[in-house]
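Chain and residue survey
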Amino acid sequence: MGYMVAPLNSIAELHCLHNMQWCSKHIGLQHSVDHFLTVNASDTRLNCSIKYNHRTQPCFQLRGDLDRKRNVSLRCRGPPGSICIDRVDNEVDQDEWSSESHELGVNRKFKGQISTRKPQNASDGPFVENNEKTNNKILQNFCTRGKLTDAAKLIDIMARRNQIPDFTSCINLIRGLIRIDRLDKASKVLEIMVMSGGVPDTITYNMMVGAFCKRGKISSAIDLLDEMSLSGCAPDVITYNTILRTMFDDGKFEQAIGFWKDQLRKGCPPYVITYSILIEQVCNHCGTERAMEVLEDMAIEGCNPDIVTYNSLVNFSCKQGKYDDAALVIYNILSHGMEPNAVTYNTLLHSLSSRGYWDEVDEILAIMNETSHPPTLITYNILINGLCKYGLLDRAINFYDQMVSQNCLPDIITYNTLLGALCKMGMLNEALQLFHLLCGSSCSPCLITYNTLIDGFTKKGCMETAKGLYGQMMENGITPDDITYRSVIWGFCQADLVEEAVEILREIGKRGHKIRISAYRLVIHRLCKTKKVDRAIEVLDLMISSRWKPDESVVSAIVRSVADAGLAEEAYKLSQKLIEWEVLKEGTVLC
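Keep in mind that this is a model prediction, so the values were computed, not measured.

The next point concerns unusual backbone geometry. Negative phi values dominate among residues other than glycine, just as trans dominates among peptide bonds. Of note in this structure, N407 is not a glycine but carries a positive phi near 60°. With respect to the element layout, N407 can be found in the loop between α17 (393–405) and α18 (412–424). Relative accessible area serves as the criterion here: at 63%, N407 is assigned to the exposed category. The phi torsion at K531 lies on the positive side, around 65°, for a residue other than glycine.

This is the structure:
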């Protein structure tokens, strides 16, 4: 730190080359002291030139090297008079952003009158002298380049200098800090933004609430929710849902109920989704009876349940097999002047049919036919699926005929369900008849349809029909999958048509498709069993050259399984060929 002395009414100009940075200061001389000039160099070496002018006296100059902590005292040649002493700060800026500020073009030349402000915190760095516009440009640059920590520090500096940060940058910074789990810094930036008059958007607030909840800081999340409305950004359904779910996950059921009551009393809109989640969670964790109590309590607060809320309770009760509770819920629906809809009835039918309660199913159907919600396509699909699973195929077909007669057209789900049941029961002729009906309808057979039929016919050994279906699906542009290939190959092998199975494998290779190695193993076994070792070697070649690329352990397992089947000679020939192809190592003993 240096001191400069010059006569009254003079202008002193100090130039110093300090740490490779140039500064120039003009100092007005105001105060009276003795006419001595003292320079104290307390830091690094510097070269100084001090000039002052007086209207009657020539200019006085001093040049010299000032060593660290060396005092130089000189007497002025001019007449005694009043002189001025001012302070010049030559300390090195230790801020960690000095190189960064140089890169961003921060102006480090300070000209004009020396500032009368108090010395700034050294950690504030070069940004402390910037105006608001300059710092906001630097802030945007930091955010763009992902320098989130530096951006947060800069916003803190701007806040202490009463500068308003760019709000868009603040929002981006808050979200970025949350993503890297710097919630403390994000909270600080949010606070500064709001205090500066900024209004964060709902997404940013919800990210903060979610981050607090993730850390288990539910009280902080609730405090932030209360601050949202004050900042001009009201909470939305996501905000409330996040807090409620966290409370239930933490086992704070009664706190969640009380929280939602408080929010309703504060004027929160009675969001149906949030209300439904609350009731569903209460039902799940505390039972249907407690959920019904909460329903009544919430109705007092002006949050009346709708049919969606009741349906969630019906669904939960049915999944638990508690049909008495489901009946209680339906009674409440009717007592509140509402009526069950198609979703309510379908939920009941799905649960009852899956448990085989067919008498109750008939009762529900009778009620539906008497209301404004008759059975729909979904209703019939639920019933047909349940009946097919229990092997009640006649009743399932009756429902199919009934829906057609009522002009409720079946869809592909209806057909595939019935086809699967018919094939499983071995009713292949009926399955073909239904398939022809499908082809003549507004629906078109899909891959599942063909796979169902091909699998059914191959298991019965009807390979000609299976081949015909396979060819038809190819003509219709439906690409076979692994299930199709395995069904066809298995059927050919069972019917002792191994050569056709080999052709399918060749086709798979040409198409670049992939099939499980079990299919290759099955064909190789069948070929070896019929003493067709050369053809088995060809299949091995197809397997090795395919996309499967089996390793030595897989190939060894295949050869060993052939040997275990009593075909030692065939297994030996296979192993020798694999050694020749360098798939197996020389000297490998497999049989």
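All right, on to the nonpolar core then. In a soluble, globular protein the nonpolar side chains are often hidden away together inside. If you look at the biggest cluster of nonpolar residues, it comprises 150 residues, and the most contacted ones within it are I489, V523 and L574. Sorting elements by how many residues they give to this core places helix α25 (residues 533–545) first, with eight residues. In contact with I489, other than residues within four places in its own chain, are A501, I504, L505, I508, I515, A519 and V523.

Attention now goes to the packing of helix α23 (residues 498–511) against helix α24 (residues 517–529). The interhelical angle for the contact between α23 and α24, taken along N-to-C directions, is 145°, at an axis separation of 10 Å. Taken as a pair, α23 and α24 cross one another with a handedness that is left-handed. Along its contact with α23, which presents V498, A501, V502 and L505, the element α24 presents Y520, V523, R526 and L527. Its residues placed into classes, the contact of α23 with α24 shows seven nonpolar, no polar and one charged.

Quick look at the pattern of salt bridges now. What the rule picks out here adds up to 23 salt bridges. Close ionic contact of R160 with D156 constitutes a salt bridge, the shortest N to O distance being 3.4 Å. One end of the pair, R160, and the other, D156, are both in helix α3 (residues 148–160), four residues apart, so they sit about a helical turn from each other. Within this structure, E499, E503, R506, K532, R535 and E538 form a network of salt bridges that share partners.

With respect to the helices and strands, the residue R161 is situated in the loop between α3 and α4 (167–179). According to the relative accessible area criterion, R161 is partly exposed, its value standing at 25%. Once the C-alpha coordinates of R161 and N130 are considered, the two residues, 31 residues apart in sequence, prove to be 9.9 Å apart.

Definitions and limits used
- Residues numbered from 1 in each chain as written.
- Predicted model: local features only at pLDDT ≥ 70, side-chain atom pairs only at ≥ 80, totals over all residues.
- Heavy atoms only, no water.
- Helix = DSSP H or I, 4+ residues; strand = E, 2+ residues; numbered from the N terminus.
- Buried < 20%, exposed > 50% of the residue type's maximum accessible area, 1.4 Å probe, protein only.
- Core = buried A, V, L, I, M, F, W, Y, C linked by side-chain atoms within 4.5 Å.
- Contact = heavy atoms within 4.5 Å.
- Axes fitted to C-alpha atoms, helices over the stretch in contact; angles between N-to-C directions.
- Left-handed = near helix turned anticlockwise from the far one by under 90°.
- Nonpolar A, V, L, I, M, F, W, Y, C, P; charged D, E, K, R; others polar.
- Salt bridge = Lys/Arg side-chain N within 4 Å of Asp/Glu carboxyl O.

Honestly, that's just the spatial picture; any functional story needs more than this.
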